[in-house]
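# Notes for the structure review
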Amino acid sequence: MASFASLPAILQPKEEDIQMMLSAGVHTGCKNSDSSMEEYIWRRRNDGVHILNIGKTWEKLVLAARVIVAIENPEDVIAISARPYGMRAVLK
């Protein structure tokens, strides 16, 4: 997993982590994108749906986890999802 070389060994994803992300559909984007998303898009399917880079997604998840852990009061953390399929995860 050379694409994760910038992360310390403890934060490297395991094969199981990648498999769980793929089975959850984390890599599936949408048909619309803008220039700020270009670095996160791996490729585009024939139907126009963008496939996201799992490596970049993992790095952003690790960053978010590190930021959340650093917050002293857990009540100061809020999660928001504008997409219907993300709302269930936010409520959990």
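Residues numbered from 1 in each chain as written. Predicted model: local features only at pLDDT ≥ 70, side-chain atom pairs only at ≥ 80, totals over all residues. Heavy atoms only, no water.

### Description of the nonpolar core
- Leu7, Ile18, Met21, Ile54, Trp58 and Val62 form the largest nonpolar core, which has six residues in total.
- Listing elements by their share of this core, those giving two or more residues are helix H1 (15-23) and helix H2 (54-70).
- Per-element accounting of this core gives the leading share, three residues, to H2.
- Apart from residues no more than four positions distant in its own chain, Leu7 is found in contact with Gln12, Trp58, Glu59 and Val62. (Core = buried A, V, L, I, M, F, W, Y, C linked by side-chain atoms within 4.5 Å. Buried < 20%, exposed > 50% of the residue type's maximum accessible area, 1.4 Å probe, protein only. Helix = DSSP H or I, 4+ residues; strand = E, 2+ residues; numbered from the N terminus. Contact = heavy atoms within 4.5 Å.)

### As for a nonpolar patch on the surface
- Taken together, Leu63, Val67, Ile68, Ile71 and Val77 make up a surface patch of nonpolar side chains, about 390 Å² in accessible area.
- By secondary structure assignment, the location of Leu63 is in helix H2.
- Residue class for Leu63 comes out partly exposed when judged on its relative accessible area of 47%. (Patch = residues over 30% accessible without salt bridge, like charges linked within 9 Å, V, L, I, M, F, W, Y side chains within 5 Å. Areas by Shrake-Rupley, 256 points an atom, 1.4 Å probe, with all protein chains shown as cover. Salt bridge = Lys/Arg side-chain N within 4 Å of Asp/Glu carboxyl O.)

### Side note on H2
- Look at H2: 24 Å from first C-alpha to last across 17 residues, which is about the 24 Å you get at 1.5 Å a residue.
- Inspection of H2 places Ile54, Gly55, Thr57, Trp58 and Val62 among the buried residues, and these make up the whole buried set. Projected down its long axis, H2 carries its buried residues within an arc of 160°, all on one side.
- The inward-facing, buried residues of H2 abut H1 and strand E2 (50-52).
- Where H2 starts, the residue carrying a side-chain oxygen 2.7 Å from the main-chain nitrogen of Gly55 turns out to be Asn53. (Expected span 1.5 Å × (residues − 1). Arc of directions from axis to C-beta. Polar contact = N/O pair within 3.5 Å; in protein donor to acceptor, adjacent residues only side chain to side chain.)

### Considering the side chain of His50
- With respect to the helices and strands, the residue His50 is situated in strand E2.
- Relative accessible area serves as the criterion here: at 8%, His50 is assigned to the buried category.
- In this structure the side chain of His50 is engaged in a polar contact, spanning 2.8 Å, whose partner is the backbone oxygen of Cys30.
- Ignoring anything within four residues of it in the chain, the contact list for His50 reads His27, Thr28, Gly29, Cys30, Lys31, Asn32, Ser33, Ile41, Arg43 and Arg44.

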